[in-house]
Amino acid sequence: MAVIAPDPVHRYRPLLNYVGGGQASMSRLTRSMAAVIPSGCTWLPHRAVAVHADEREVELDTGERVGYGDLVVAPGLEPDLAATPGLAEAMEAGWSATAHLSSRAEDTWTAIKRMTRGRVVFTIPPEPAPCCGTALKPLFLTCDHWRREGVLEEIDVRLVTPYSSLLGLGFADRQVEPHLQRFGITVHHDATVGALDHQARTVTLSTPDGEQVLDGVDQAFVVPHYRPPDWLAPLASDDTGGLVDIDPGTLAHHSLPRVWSLGDVAHVRTRPSGGALRSQVEVLADNIRRGRTGESLRHYDGYTIIPITVDRRRLLLAEFDRTGTPQPTTSLIDLTVPRRLLWAFDRYVEPVVYFRALLKGRV
Ligand SMILES: Cc1cc2nc3c(=O)[nH]c(=O)nc-3n(C[C@H](O)[C@H](O)[C@H](O)COP(=O)(O)OP(=O)(O)OC[C@H]3O[C@@H](n4cnc5c(N)ncnc54)[C@H](O)[C@@H]3O)c2cc1C
C-alpha cells in the first residue's frame, strides 16, 4: 500500500474554524505527515499529475510512474481564488481572510479581535466546497465574541449564502435562524461573491436579479470558490462537473476498472464532509476486497454532516442524506438542538479521536 501525498504536514481541518474563531491554535491541528502515515504503508512525498488507466500507472511530478492494482483517488478540491476577482489581492492586503484556508485562519482571528465597529461580510461558499455549512462556525464564534466584548451593536454583520434558505436544509435552518436574529445578522440569500475591491472597500454580490454592491466593508471574511483539480479531467465526465465519475453507491469508477474515488473530489452526489468521507472509507475498503474476490459490492448511503456552532459554547449537528432528509446517527438525543456537550465534543474530543484512532483505522 502506497500513499502519494506531497505535503510534509497533515491538518485536521475541522479545527481551522476554531482557529478562525479564536478557540484553537494551528499547532493543535497540525501533525507531520510522517507521523500520520499508518505503519505498513509507503509514503511517496510527491504530487500525482496524471492517471494512465490503460497502463494502471499514476504519474508523479518527478516524471516517475507508480503501478497499481487498485487506485483510490482522493486529492480533495482546490481553492480557486482566481474565480473571484480581487480576492487574492484583498487577502494579501489583510482586508480579507478566511478560516477555510490554513494559510489565512490565524489572520481571521487577528482581524476579528481588532474590530470594534464597522461592517463585515461572511460567506458560505457555493458547492462544490469542503463542508460549506461549517463556514457558519467562525461567524457565530465571532458574533458571540463581539457580544461579550460589548461591541456587537456597533458592527453591521452580513452573511452571504448561495441558498434561498440558510443552507437549503429546512430542519437545520429552523434551528440556526433564531441565532442569526439573536446576533442581528443580515442574510443575503441566493447570492455569491462575484468580486472584491479592497481599495474601494466593496464586495460585489452575484444574485439572480443581477449585481448588488456592499460598500463601506471593513473586513471581508470570504471563503473562496473551490474546483476539482484539472489533472483529474480524464476521470470526470460531462455531468460530474469535473468530479471523479464514480458510482455514488459503490464508489467504483464508472468506466475505469480498479479505479475508486471518495471524499470531496468524488461525485458521490451528497454534500462533501469529513463525516461523509468517514462512511465512504468503510464501504470503499470493503469493496476493494470484494472487487478482488468477485463478491457483490456494498453501497454508501449518502450520509453527510454539518456541525454548526451557534455561539462560543454550543453546537448542533445537521446529519442528512443525499435528498437533505435528516439521517440522525442516534435516536437517544436530538443532535440538531444546540448543546454545550456537542461543542465540547467537536472542539476537544473529535481531534483526539481523529489523530489517535480514526487515522489509524480503529474507528
Ligand atoms: C475549514 C474547514 C472546516 C471543516 N469542518 C468540517 C467539520 O467540522 N466536519 C466535517 O465532517 N468536515 C469538515 N470539513 C470537511 C473535511 O475537512 C473534508 O471533507 C475532508 O478533509 C475531505 O477529505 P479529502 O481527503 O477528500 O480531501 P482533503 O482533505 O483536501 O485531502 C486531500 C489530500 O490530497 C493531497 N493532494 C492534493 N493534490 C494532490 C496530488 N496532485 N497528488 C497527491 N496528493 C494530493 C492533499 O495534500 C491532501 O493531503 C471541513 C473543511 C474545512 C476546509
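Structure report, in brief.

1. With respect to helix α7 (residues 170–182)
1) Next: In this model, α7 (13 residues) spans 19 Å end to end at C-alpha, consistent with the 18 Å of a helix rising 1.5 Å per residue.
2) Next: Along α7, the largest kink reaches about 30 degrees and is centred on V176; proline P178 follows within four residues of it.
3) Next: Residues of α7 that are buried include every one of A172, V176, H179 and L180, and no others.
4) Next: Elements in contact with the buried residues of α7: α6 (136–149), β12 (186–188), β19 (304–309) and β20 (315–320).
5) Next: Directly after α7, the chain includes G184, whose backbone phi takes a positive value near 70 degrees.

2. Quick word on the site of the ligand
1) Next: Close to the ligand lie 28 residues, the nearest being P14, G76, C131, G263 and G274.
2) Next: If you list the elements that add at least two residues to the shell around the ligand, you get α1 (16–20), α8 (274–293) and β19.
3) Next: It is α8 that contributes the most residues to the shell around the ligand, 3 residues altogether.
4) Next: Split by residue class, the shell around the ligand holds 16 nonpolar, 8 polar and 4 charged.
5) Next: Domain assignment of the residues forming the shell around the ligand places at least three in each of domain 1 (2–77 + 228–293) and domain 2 (79–227).

3. Remarks on the pairing of strand β10 (residues 118–123)
1) Next: Here β10 pairs with strand β11 (residues 155–160) via 6 bridges, running parallel. Residue pairing across strands places T123 opposite V160, the latter belonging to β11.
2) Next: As for the winding sense of the linkage, the β-α-β connection from β10 through α6 to β11 is right-handed.
3) Next: Across 3 bridges, β10 lies against strand β16 (residues 219–221) in parallel orientation. Paired with V121 across the bridge in β16 is A220.

Conventions and cut-offs
- Residues numbered from 1 in each chain as written.
- Predicted model: local features only at pLDDT ≥ 70, side-chain atom pairs only at ≥ 80, totals over all residues.
- Helix = DSSP H or I, 4+ residues; strand = E, 2+ residues; numbered from the N terminus.
- Expected span 1.5 Å × (residues − 1).
- Bend = angle between axes of the 7 residues up to and from the residue.
- Buried ≥ 20, exposed ≤ 12 C-beta atoms within 10 Å, placed from the backbone.
- Contact = placed C-beta atoms within 7 Å.
- Near = placed C-beta within 6 Å.
- Nonpolar A, V, L, I, M, F, W, Y, C, P; charged D, E, K, R; others polar.
- Domains from an automatic or database assignment.
- Pairing = 2+ DSSP bridges.
- Right-handed = clockwise from strand over helix to strand, strands pointing away.

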